[in-house]
Amino acid sequence: MADSEYKGERTVSFTACVVPRRDVFVTPEIVEPLVKILGGCTYRFSCFVPIYCFMPDHLHVMLKGIGFDGMPMEAMKSFKRLSGQHFSRCRFDFGWQVNFHDHIVRSREDWRGQARYIALNPVRAGLCEDIFDYPFTGSIGTDLKEIVSPLDP
């Protein structure tokens, strides 16, 4: 897909996995610095994050470009690079898979419905009963409760 497909007011959903595939995103000490890095990258590339969800061994994140300058793909690439550097500095014994899955949410699709689907991942995995109880789901630049409520489990 051409880079121009990822620019402007686009909404893109990404999934990135860690290698080796094991549970690493399980403590605030691991996840909170990554949320800060994600926030910096999205700001730099004119995006906001309707939802992110750090599952134990992978990340789901939805990025929405703001105006003509929005670059969700560049924000994600920057996040992976900077967070990978963070992993190295902290001497973690894991990293990101080289590739990630991306899906451009088309205008005819319901991006809020996809955000709700992401929010329900920890519930489906048995990690919590209510999405608002899972500590590693959030949003940047918006209110998560406005994005995923009302939820129909």
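Here, every reference points to the structure presented above.
Cut-offs applied
- Along each chain, residues carry numbers from 1 onward, in the same order as the chain's sequence is written.
- The model is predicted, so local features are restricted to residues of pLDDT at least 70 and side-chain atom pairs to those at 80 or more, both for listing and for counting; the totals for chains, interfaces and linings are taken over all residues.
- The basis for every side-chain value is the complete set of non-hydrogen atoms in the structure, without hydrogens or water.
- Secondary structure counts use DSSP, requiring at least four H or I residues in a row for a helix and at least two E residues in a row for a strand, with both numbered from the N terminus.
- Residue burial is assigned from relative accessible area. The probe radius is 1.4 Å, only protein chains are included, and a residue is buried under 20% of its type maximum, exposed over 50%, and partly exposed in between.
- Counting rule for charge: Lys and Arg are taken as positive, Asp and Glu as negative, and neither His nor the chain ends is counted.
- The salt bridge definition used is simple: a Lys or Arg side-chain nitrogen within 4 Å of an Asp or Glu carboxyl oxygen.
- Here a polar contact is taken to be a pair of N or O atoms separated by no more than 3.5 Å, where protein atoms must pair a possible hydrogen donor with a possible acceptor and residues adjacent in sequence count only if both atoms sit in side chains.
- Contacts are assigned to residue pairs that have any heavy atoms within 4.5 Å of one another.
- Any Phe, Tyr or Trp ring, taking Trp's six-membered ring, that has another such ring centre within 6.5 Å forms a pair; planes under 30 degrees apart are called stacked, those over 60 apart edge-to-face, and the others tilted.

**Examining the side chain of Lys64**
Relative to the helices and strands, Lys64 is located in strand β3 (residues 58-65). Of the side chains bearing the opposite charge, Glu9 lies closest to the buried Lys64, which forms no salt bridge; the N-O distance is 7.6 Å. A polar atom in the side chain of Lys64 sits 2.8 Å from the side chain of Thr11. Not counting the four nearest positions on each side in its chain, Lys64 is found in contact with Arg10, Thr11, Ser46, Cys47, Phe48, Pro50 and Trp111.

**Some details on the packing of aromatic side chains**
Summed over all chains, the structure comprises 11 aromatic pairs. Ring plane angle 75° and centroid distance 5.2 Å describe the contact between Phe25 and Phe54, whose orientation is recorded as edge-to-face. Of the two residues, Phe25 is situated in the loop between β1 (11-19) and α1 (28-44) and Phe54 in strand β2 (residues 47-55); the sequence distance between them amounts to 29 residues. You can call Phe25 buried: its relative accessible area is 0%. For Phe54, a relative accessible area of 0% translates into the label buried. Seen in terms of ring centroids, Phe92 and Phe94 are 5.1 Å apart; in terms of plane orientation they differ by 10°. Their pairing is stacked. Given a relative accessible area of 25%, Phe92 falls into the partly exposed group. Taking the relative accessible area as the measure of exposure, Phe94 reaches 10% and is therefore buried.

The values are spatial; any link to function lies outside them.
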